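Close look at the chain arrangement
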Amino acid sequence: MFNLLKKVRDTLGCWFSAARGVSCEELVRLLIGYVDGTLPAEDRTRLDAHFKDCAHCLSMMRTYRQTIDLSRGVSNNSMPSEVRLRLQRFLKEKIQER
Ligand SMILES: [Zn+2]
């Protein structure tokens, strides 16, 4: 029952948000600019309003932001040398088996 009420609330939230200015579909197109900070302030305000009413898009934005933050922390230098050597050995063996 709670889930049904939540779903109705979320659906209505999306509808109200769309009526105020931005639909979920449009939000997806603008999300990259929102997360990387290049979106114009006016659009940013519209998306902020949408996030207040739409739990789905808020969750998607947070997941997207976390994914970007995590991927920024990964670089070629982050792999320990022992792991890199073992991986190289493993790959060479697999190539030679072919
Ligand atoms: Zn939405």
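This structure is a prediction, so every number in the text was calculated from the model and none was measured.

**Structural notes on the packing of aromatic side chains**
- Here the structure, examined in full by the defined rule, presents one aromatic pair.
- Arg44 extends its terminal NZ or CZ atom over the ring of Tyr34, reaching a point 4.2 Å from the ring centre.

**Thoughts on the UniProt feature "domain: Putative zinc-finger" (unreviewed entry) in the protein chain**
- UniProt's feature table lists "domain: Putative zinc-finger" (unreviewed entry) at residues 24-57, given in the numbering used throughout.
- The span residues 24-57 is 85% helical and 0% strand by assignment, and the distance between its end C-alpha atoms comes to 7 Å.

**Description of the coordination of the zinc ion**
- Within the protein, Cys24 (SG), His50 (NE2), Cys54 (SG) and Cys57 (SG) serve as the donor atoms for the zinc ion, at 2.0 to 2.4 Å.
- Site description for the zinc ion: donor spacing in sequence, C-x25-H-x3-C-x2-C. The pair formed by His50 and Cys57 is uniform in burial state, with each residue classed as buried.

**Points about the environment of Cys54**
- Counting through the fold element by element, Cys54 comes out in the loop between helix 3 (41-53) and helix 4 (55-72).
- Taking the C-alpha atoms as reference, Cys54 lies 9.9 Å from Ser23; in sequence the two are 31 residues apart.

**A look at the pattern of salt bridges**
- Tallied over the full model, the rule gives four salt bridges.
- For Arg46, the salt bridge is made with Asp43, and the minimal N-O distance between the two is 2.8 Å. Of this pair, Arg46 and Asp43 are both found in helix 3, three residues apart, which corresponds to roughly one turn of the helix.
- On the basis of relative accessibility, which here comes to 23%, the residue Arg46 falls in the partly exposed class.
- We classify Asp43 as buried; its relative accessible area is 18%.
- Two residues, Asp69 and Arg72, come together in a salt bridge whose shortest N-O distance is 3.9 Å. Of this pair, Asp69 and Arg72 both sit in helix 4, three residues apart, which is roughly one turn of the helix.
- A cluster of three or more residues bridged by salt bridges with shared partners is formed by Glu26, Asp43 and Arg46.

Parameters at a glance
Residues numbered from 1 in each chain as written. Predicted model: local features only at pLDDT ≥ 70, side-chain atom pairs only at ≥ 80, totals over all residues. Heavy atoms only, no water. Phe/Tyr/Trp six-rings, centres within 6.5 Å; stacked < 30°, edge-to-face > 60°. Lys NZ or Arg CZ within 6 Å of the ring centre and 35° of its normal. UniProt positions renumbered as here; feature names shortened; annotations may be inferred. Helix = DSSP H or I, 4+ residues; strand = E, 2+ residues; numbered from the N terminus. Donors = N, O, S within 2.8 Å, 3.2 Å for Na, K, Ca; no water. Buried < 20%, exposed > 50% of the residue type's maximum accessible area, 1.4 Å probe, protein only. Salt bridge = Lys/Arg side-chain N within 4 Å of Asp/Glu carboxyl O.

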